[in-house]
2 protein chains.
Amino acid sequence: MDGKCCTCRAPVNIAVIKYWGKRDEKLILPVNSSLSATLGMDELHAKTSVAASSQFKDDRIWLNGKEESVSNPRIQNVLKEIRRRYAQKGDGDSAVMKVHICSENNFPTAAGLASSAAGYACMVYTLARLYGVDGELSEVARQGSGSACRSVYGGFVLWEKGQRSDGTDSLAKQIAPADHWPALRILILVVSDQKKQVGSTEGMQTTVATSELMQRRIEVVPQHTEQMIKAIKDRDFETFARITMQESNQFHAVCLDTYPPVFYLTDTSRLIIQMVHAYNTMCEKTRVAYTFDAGPNACLYLMEEDVARVVGLVNHFFPPGSDTSENFVRGRPVTLLEQPSQEELAHFQIPRSESAIKYMIHTKVGSGPEELNEEESLLTSSGLPKNLL
Amino acid sequence: MDGKCCTCRAPVNIAVIKYWGKRDEKLILPVNSSLSATLGMDELHAKTSVAASSQFKDDRIWLNGKEESVSNPRIQNVLKEIRRRYAQKGDGDSAVMKVHICSENNFPTAAGLASSAAGYACMVYTLARLYGVDGELSEVARQGSGSACRSVYGGFVLWEKGQRSDGTDSLAKQIAPADHWPALRILILVVSDQKKQVGSTEGMQTTVATSELMQRRIEVVPQHTEQMIKAIKDRDFETFARITMQESNQFHAVCLDTYPPVFYLTDTSRLIIQMVHAYNTMCEKTRVAYTFDAGPNACLYLMEEDVARVVGLVNHFFPPGSDTSENFVRGRPVTLLEQPSQEELAHFQIPRSESAIKYMIHTKVGSGPEELNEEESLLTSSGLPKNLL
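All residue numbers here refer to positions counted from 1 along the written sequence of the relevant chain. In the order they appear in the text, chains get letters beginning with A and ligands get numbers beginning with 1. The model is predicted, so local features are restricted to residues of pLDDT at least 70 and side-chain atom pairs to those at 80 or more, both for listing and for counting; the totals for chains, interfaces and linings are taken over all residues. Calculation of side-chain values draws on the structure's entire complement of heavy atoms; hydrogens and water are dropped beforehand.

Caption draft 1: Examining the pairing of strand S14 (residues 298-303) of chain A more closely. All names here are of chain A. Among the six residues of S14, six are classified as buried, and the element is accordingly described as predominantly covered. Neither face of S14 is open: one carries Ala298, Leu300 and Leu302, the other Cys299, Tyr301 and Met303, and all of them are buried. A pair of strands is considered paired only if DSSP assigns at least 2 bridges between the two. Strands are runs of DSSP state E lasting at least two residues, helices are runs of H or I lasting at least four, and both sets are numbered from the N terminus onward. Examined bridge by bridge, strand S13 (residues 288-292) and S14 share five bridges and lie antiparallel to one another. Across the sheet, Val288 pairs through a bridge with Leu302, a residue of S14. What sits between the antiparallel neighbours S13 and S14 is a turn of five residues. Residue exposure (1.4 Å probe, protein chains only): buried if accessible area is under 20% of the type maximum, exposed if over 50%, otherwise partly exposed.

Caption draft 2: Highlighting the relation of the copies chain A and chain B. Superposing the copies works by least squares over the C-alpha atoms of residues that have pLDDT at least 70 in both of them. When chain A is fitted to chain B, the residual RMSD is 0.1 Å, and the transformation amounts to a turn of 180 degrees plus an axial shift of 0.0 Å. Taken together, the rotation angle and the small translation identify this as a two-fold axis. Relative to the rotation axis, the C-alpha of A:Ala253 is the closest in chain A, positioned 2.1 Å from it.

Caption draft 3: Region of interest: the environment of A:Ser211. Residue and element names in this part refer to chain A. By secondary structure assignment, the location of Ser211 is in the loop between helix H4 (200-210) and helix H5 (214-233). Ignoring any residue separated from it by four or fewer positions in sequence, one finds Ser211 in contact with Thr206, Val254, Asp257 and Thr258. Two N or O atoms count as a polar contact when they lie within 3.5 Å, although within protein this holds only if one can serve as hydrogen donor and the other as acceptor, and sequence-adjacent residues are included solely when both atoms are side-chain atoms. Polar contacts involving the side chain of Ser211 include one to the main-chain amide nitrogen of Met214, which spans 3.1 Å. Throughout, a residue-residue contact means that at least one pair of heavy atoms, one from each residue, lies within 4.5 Å.

Caption draft 4: Spatial organisation of the packing of helix H1 (residues 73-89) of chain A against helix H2 (residues 115-131) of chain A. Residues and elements named next belong to chain A. The geometry of H1 relative to H2 is characterised by a closest axis approach of 10 Å and an angle of 25 degrees between their N-to-C directions. The angle between H1 and H2 falls in the class roughly parallel. You can see that H1 and H2 cross each other, and the crossing is right-handed. Here Arg74, Ile75, Val78, Leu79, Ile82, Arg83, Tyr86 and Lys89 of H1 come into contact with H2, specifically with Tyr120, Met123, Val124, Leu127, Ala128 and Tyr131. Every axis corresponds to a line fitted to the C-alpha atoms, with the helix fit spanning only the stretch in contact, and the corresponding angles, defined between N-to-C directions, vary from 0 to 180 degrees. Angle categories are assigned with fixed cut-offs, so that under 35 degrees is roughly parallel, over 145 is roughly antiparallel, 65 to 115 is roughly perpendicular, and the rest are oblique. Crossing handedness: left-handed means the near helix sits turned counterclockwise from the far one by under a right angle, and right-handed means the same turn made clockwise.

Caption draft 5: Representation of the side chain of A:Lys18 within the structure. Residue and element names in this part refer to chain A. Along the chain, Lys18 falls in the loop between strand S2 (13-17) and strand S3 (22-24). The class for Lys18 is buried, based on a relative accessible area of 2%. There is a polar contact of 2.7 Å between the side chain of Lys18 and the side chain of Thr291. When residues no more than four places from it in sequence are discounted, the contact partners of Lys18 are Asn32, Ser33, Ser34, Arg217, Glu247, Ser248, Phe251, Thr291, Phe292 and Asp293.

Caption draft 6: Fine view of the sheet that holds strand S10 (residues 156-159) of chain A. Residues and elements named next belong to chain A. Strand order across the open sheet formed by four strands is S2-S5-S10-S11, with antiparallel pairing between neighbours. Of all strands in the sheet, those bounded by a partner on one side alone are S2 and strand S11 (172-176). The mean inter-strand angle of the sheet, taken between neighbouring strand axes irrespective of direction, is 35 degrees. Bridge count for S10 against S11 is four bridges, and the pairing is antiparallel. Paired with Phe156 across the bridge in S11 is Ala176.

Caption draft 7: Geometry of the side chain of A:Arg142. Residues and elements named next belong to chain A. You can see Arg142 is positioned in helix H3 (residues 138-142). Despite its burial, Arg142 pairs with no opposite charge; the closest candidate is Glu139, at 4.8 Å N-O. Among all residues touching Arg142, those that are not within four sequence positions of it are Leu27, Ile28, Leu29, Cys149, Trp159, Gly167 and Ser170. Positive: Lys, Arg. Negative: Asp, Glu. His and the chain ends are not part of the count. Definition used for salt bridges: Asp or Glu carboxyl oxygen within 4 Å of a side-chain nitrogen of Lys or Arg.

Caption draft 8: A look at empty space enclosed by the protein. Both cavities and pockets are sets of points on a 1 Å grid over the protein atoms alone; in a cavity a 1.4 Å probe fits but cannot get out, in a pocket the set is open with protein on both sides within 12 Å along at least five of seven lines, and lining residues sit with an atom within 4 Å of a point. Grid points are joined across faces, edges and corners, and a volume is the space filled by probe spheres set on the points. Overall, the coordinates contain five cavities of 30 Å³ or more when judged by the stated rule. Volume-wise, the largest cavity comes out at about 170 Å³. Taken together, 16 residues form the lining of the largest cavity, with A:Leu256, A:Phe263, B:Leu256, B:Phe263 and B:Arg270 sitting closest to its centre. Across the lining of the largest cavity, the residue classes break down as twelve nonpolar, two polar and two charged. There is about 50 Å³ of room inside the second largest cavity. Around the second largest cavity, the lining residues are A:Thr210, A:Glu212, A:Asp257, B:His224, B:Gln246 and B:Gln250. Considered class by class, the residues forming the lining of the second largest cavity number no nonpolar, four polar and two charged. Note that Gly is not counted as nonpolar here; it falls among the polar residues with everything else outside the nonpolar set of Ala, Val, Leu, Ile, Met, Phe, Trp, Tyr, Cys and Pro and the charged set of Asp, Glu, Lys and Arg.

Structure follows, in C-alpha cells:
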C-alpha cells in the first residue's frame, strides 16, 4: 500500500439521549447508553485524508490547517487499534508504514458544535479504508472520543453502554436508517456568545465524582432509551420531542448539581427553551424539541411543515445585528414566511435579543461516513496538506 | 379587647437547606425538612399593625399601601387558626371582632427578596399578641407561607417536615440563637434584571409532579440537614459553606429537571457563583458561600473578616452604572478597601458586568419577631392605614 491515500467525510451527530459520565476513562466506556441522530453531511461534516508511505519518517497530523502532536493518547489509541487489526489480517506487511493525517471541518470549530465526534469518526473510517480493515469501527472511534462511535453510522444510532470491562460490547448500532423519518428536520441555532466552557471530559468526571442526583439519572436513562427507540420506530414526534427535552434538561441539571457547578446554558439558551415551550403551547401540541450539548447552542428537532414558522420566530426574537453581512439561515433552503402576526406573538412572553444568535443551520437526518474521490484529497501527492494556516 | 391595636416586626430568613416541594398543598407540609438563618431586622423586616374593633364591619388587609382581598385562602387559614385558639382559651368573647391588618416591608418587594416569609410570620405574631394567644406559632405561620414558619424564630432555625398528616409536627425550632456565631455575616446581592419568574407555589408543584431527580433529592436532604446542624453548632464554616452551595445548586438542578423546566438563575447569578468559587480557590479555603432562592438574587454567607474584600470584588466585577445615585452598599457599614490588585484579579476568569447588580445589603444573623411601641403603628386610631398609595 506504499504511497496510497484515501479521503472520506463523516457526519456530526446530536444526542437525544445524552452521554455524560464514563465508567472507564481509558477505554471511554459510558455509565449509560445514549442515542443520537446523524446530521446531513451536505451541511455539516468532517473530511479527512490519510496517506501512508514508506517515505514518511513519522506519523503526522494536521487539524483544520494546523499541525498537532500525534502523541495525543486518543489519536494513539485509534492508530494502534487500526494497526493491530491490520496486523491480524496477516495479508500485509506487518511493519506498518507511517501515515500523514489531515482533517478539516466544513463548519467553524468556534461555533461550539461538537466537532470531535465527526473528526474521530472520520479519522477511523479513513484509516480503516486505507488499511483495508473490516469489522466494527464504532469500538475504535469510541476510543478517540466517546460520541464519535455514533458518527460511524447514519440515521438514528444507539451507543449501547455494554457490560464488559474490556469495552468490546460498548458499541454503536443503527436503530433506523437515514430515510426512516423523511419529514424530520433539524435546526441548529448557533449562539453568539461562546464563553469558555468547562471541557466535557473534565465536566463529566466532576459530575460522576460529586453529583448526588447522577445516581438517579443512571437509573432512569434505560427507560428514556427504551421509550425513545419506540418513538423513533413509530415516528411518534410528541414522545420523541418530550423525551429529547427532558433528557437535555436532566443532563444540564446534573451539571448544575456538580460541585463546583458546571454551566453550559446561558440566558440566550434559556430564551430559546422558553420560545419552544411557548410555541408548543400555542400549537396545543408538541411540535418542536430543543436539545443542548456542552455549550449554549440549541439543536431543534421539528417537522418539515414547522420549519418556516419557527425560523420566522427565531428571526423575530433573535434578529441578526444590523452589521451582520453573513447569511442568517444556512444549509437547506427555507421558504421564509411573512412576519409573525401580533396575535401569534402574544403567546410569547420573551424579550427580543438582537445579535444573540449568530446564525442558523437547517439540515435533516443523514447517512454515515463515505469515501470521496481522489480530487477531494486534502493532501498533495507528497503527503503534505494542500492548505496550511 | 375593643379598639385594641398591636404593631410588630418580623425578620426575613434565607434557607441553607432548601424547601422545595409539598406533600400536602392545603396544610403546606413539605417533602423535606429545611434550615435557615434569620436575618437582622435592622436591615430587613416586615412590619405589621393589627387593630380589632367592634366598629369594624369586615376583616380588611393592606399590603405595602394597597388594599388586598382578605379572602385569600392563606390569609383565611391564618385568621381562622388564631381565632380558633382564642376561642379555645375561653376567657374572652368568642364572637370575635373584625380586624384591620396593615403590613409593609422595609425593602422593595420588587427586589425579589422572599417577602412572604417575613410578612406571614409578622401577621401571625401580631395577631397572636393582639388576641393574647400563646403556644407554637410556627404551625400557624406555616399555613400562611411555608417558609414563614422559620421567620417565627431568630438565629438558626430548622423546619422539621414532620410525619403526621394533620401537620401538627411540621414545626420550626431554633437550633442556635442569633448570637451563636458572632463573626458570620450575610451579603445580599440584588440583581438588576428581575425577570418574571414562575411563582414558587406553582414551580414546586411542577417539580414534584415531573422531576425524576427529585426523588433522589428527598433521599439525600436528611444527610445534608444533619451535617448542616453539626456544622452550625461547631461553627465549622467550610462544611456550612459547602453544603449551602450544594443545596442551592441541587435545588436549581431539580428546577431545571422539571418539565417544562423552571429557571431562576440568570447569567448574572452564574457569574456570582463563578466569582465565589474563584475567590475560594484563590484563598485555598472555602470562605464564602452563595445561595439562591426562587429568583436571581444571591445571598452570600461569609466571615466578617472577608466582607470588605468581597464587597470590593463585587464593586469591581459588577460596578454600579454611572447613572446610579442610590447607595450601592446598604445595611451594616463596610470599610471599603482599595481596589483589588491585578495579581488578585488574575484569579478571576469572569467578565465585568456594569449595572448587573442593583445594590448590596450587608447584614448578619438576627433575632425573631418583636412587638414595637404604639407610635410605630401603621394604622390610625380609627383603624385605617396612615399611608395609602
